[in-house]
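One-letter residues, chain by chain:
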Amino acid sequence: MIIRKAEIIISAVKKQQYPDTLVPEIAFAGKSNVGKSSMINALLNRRSLARTSSQPGKTQTLNFYNINDEFNFVDLPGYGYAKVSKSEQANWAAMIDSYLHGRQQLKEVILLVDIRHEPGKNDIQMYEWIKSFGFKGYIIAAKADKLSRSQQLKSIGLIKKNMQIKDSSLIYSFSSTSKLGLEEVWILLESILGLQN
Ligand code: GTP
Ligand code: MG
């Protein structure tokens, strides 16, 4: 994929703020700090288009990015970090729910999980939620640079087992740091978007 243009369109917290673009969209979901914003930067070869942080809870809004005027990426706020009140959790869920419901342009929601850890209850819940909207349920096992190749394979096996994934083509290892998996993930994204570049 040749990136000619990559820019933020809007940070939205409610439906009225979603861009009225009609291009296909892909959203990235997952636990806080798993590396969603970093992945968007790595895919677009931009250092800091999407804001990242070593502290969980950096992305708090739905951030829409325009790529080449051809498609959008949507960086979703993460879940599952400690310092969140019940009302903030409810706000988060309402914000995601309103986006997942009836956004025609949204082609897939891709779930990132940390390749080093067995998926938690939150991850499994999020996965079920994503699939309940009819999405395929693609998983990115992120931060793959933290493990050796053999450990990566072992972890992928555990993730598949825990998330009850039978189809290996639904799961990809990825690292924003080493760019491992970049090509494979782009091939996937292009096919989801219906673009051939
Ligand atoms: P929230 O916005 O809080 O939901 O988090 P996020 O999922 O957007 O995570 P973010 O991209 O901000 O990354 C969190 C931390 O993980 C940062 O310190 C990143 O530098 C680091 N990180 C992200 N991706 C990778 C990776 O592939 N490898 C390594 N080693 N670190 C990574
Ligand atoms: Mg983020």
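Please refer to the structure higher up on the page.
These notes cover the structure that comes with them. Because the structure is predicted, anything quoted here is derived from the model rather than measured.

## Brief notes about the site of ligand 1
Here is step 1 of the chain: Residues in contact with ligand 1 amount to 22 residues; listed here are only the nearest, Lys 36, Ser 38, Gly 57, Asp 145 and Thr 177.
Here is step 2 of the chain: Here Val 34 contributes a backbone N or O atom positioned 3.3 Å from an oxygen atom of ligand 1.
Here is step 3 of the chain: Within the backbone of Gly 78, one N or O atom sits 3.2 Å away from an oxygen atom of ligand 1.
Here is step 4 of the chain: About the coverage of ligand 1: the protein hides 86% of its 660 Å² of free accessible area.
Here is step 5 of the chain: When each cavity is represented as a set of grid points, ligand 1 is found to reside in the second largest pocket.

## Structural notes on the environment of Ser 38
Here is step 1 of the chain: Turning to its location among the elements, Ser 38 is positioned in helix α1 (residues 36–44).
Here is step 2 of the chain: Excluding residues that lie within four positions of it along the chain, Ser 38 makes contacts with Thr 52 and Ser 176.

## Observations concerning the coordination of the magnesium ion (ligand 2)
Here is step 1 of the chain: Coordination sphere of the magnesium ion (ligand 2), protein contribution only: Ser 37 (OG) and Thr 59 (OG1), at 2.0 to 2.2 Å. Of this pair, Ser 37 sits in helix α1 while Thr 59 sits in the loop between α1 and β3 (62–67); the two residues are 22 residues apart in sequence, bridging distant segments of the chain.
Here is step 2 of the chain: Owing to a relative accessible area of 8%, Ser 37 belongs among the buried residues under this scheme.

## Points about the sheet that holds strand β6 (residues 139–142)
Here is step 1 of the chain: One open sheet holds the 7 strands; their spatial order is β1-β3-β4-β2-β5-β6-β7, and the pairing between them is mixed. Whereas interior strands pair on both sides, the edge strands pair on one side only; in this sheet they are β1 (6–12) and β7 (171–173). With strand direction ignored, the average angle separating the axes of adjacent strands in the sheet is 25 degrees.
Here is step 2 of the chain: Of the pairings in the sheet, the one linking β3 to strand β4 (residues 71–75) comprises 5 bridges and is antiparallel in character. Pairing of Phe 64 across the sheet is with Val 74, part of β4.

## Some points on the pairing of β6
Here is step 1 of the chain: On β6, burial covers both faces: Ile 139 and Ala 141 on one face and Ile 140 and Ala 142 on the other are all buried.
Here is step 2 of the chain: Alignment of strand β5 (residues 106–114) against β6, held across 4 bridges, turns out to be parallel. Each residue of the ladder has a partner; that of Leu 112, found in β6, is Ile 140.
Here is step 3 of the chain: Bridge count between β6 and β7: 3 bridges; the pairing is parallel. Residue pairing across strands places Ile 140 opposite Tyr 172, the latter belonging to β7.
Here is step 4 of the chain: Once you follow β6 into helix α4 (residues 149–162) and on to β7, the crossover reads as right-handed.

## A short note on unusual backbone geometry
Here is step 1 of the chain: Within the chain, Lys 143 stands out as a residue other than glycine whose phi angle is a positive 65 degrees.
Here is step 2 of the chain: Among the residues examined, Lys 143 registers a relative accessible area of 22% and is labelled partly exposed.
Here is step 3 of the chain: Located in the positive-phi region is Lys 179, a residue other than glycine, with phi close to 70 degrees.
Here is step 4 of the chain: Looking at where Lys 179 falls in the secondary structure, it is placed in the loop between β7 and α5 (182–193).
Here is step 5 of the chain: Looking at Lys 179, the relative accessible area reads 37%, which means it is partly exposed.

## Looking at the packing of α1 against α5
Here is step 1 of the chain: Interhelical geometry of α1 versus α5 gives an angle of 90 degrees and a closest axis separation of 11 Å. By the angle between their directions, the pair α1 and α5 is classed as roughly perpendicular. The segment α1 lies against α5, with Met 39, Ala 42, Leu 43 and Leu 44 engaging Leu 182, Val 185, Trp 186 and Leu 189.
Here is step 2 of the chain: In the contact of α1 with α5, the residues fall into 8 nonpolar, no polar and no charged.

How each quantity is defined
- Residues numbered from 1 in each chain as written.
- Chains lettered and ligands numbered in written order.
- Predicted model: local features only at pLDDT ≥ 70, side-chain atom pairs only at ≥ 80, totals over all residues.
- Heavy atoms only, no water.
- Near = heavy atom within 4 Å.
- Polar contact = N/O pair within 3.5 Å; in protein donor to acceptor, adjacent residues only side chain to side chain.
- Areas by Shrake-Rupley, 256 points an atom, 1.4 Å probe, with all protein chains shown as cover.
- 1 Å grid on protein atoms, 1.4 Å probe; cavity = no way out; pocket = protein on both sides within 12 Å on 5 of 7 lines; lining within 4 Å.
- Sits in = over half its atoms within 2 Å of the grid points.
- Helix = DSSP H or I, 4+ residues; strand = E, 2+ residues; numbered from the N terminus.
- Contact = heavy atoms within 4.5 Å.
- Donors = N, O, S within 2.8 Å, 3.2 Å for Na, K, Ca; no water.
- Buried < 20%, exposed > 50% of the residue type's maximum accessible area, 1.4 Å probe, protein only.
- Pairing = 2+ DSSP bridges.
- Axes fitted to C-alpha atoms, helices over the stretch in contact; angles between N-to-C directions.
- Right-handed = clockwise from strand over helix to strand, strands pointing away.
- Parallel < 35°, antiparallel > 145°, perpendicular 65-115°, else oblique.
- Nonpolar A, V, L, I, M, F, W, Y, C, P; charged D, E, K, R; others polar.

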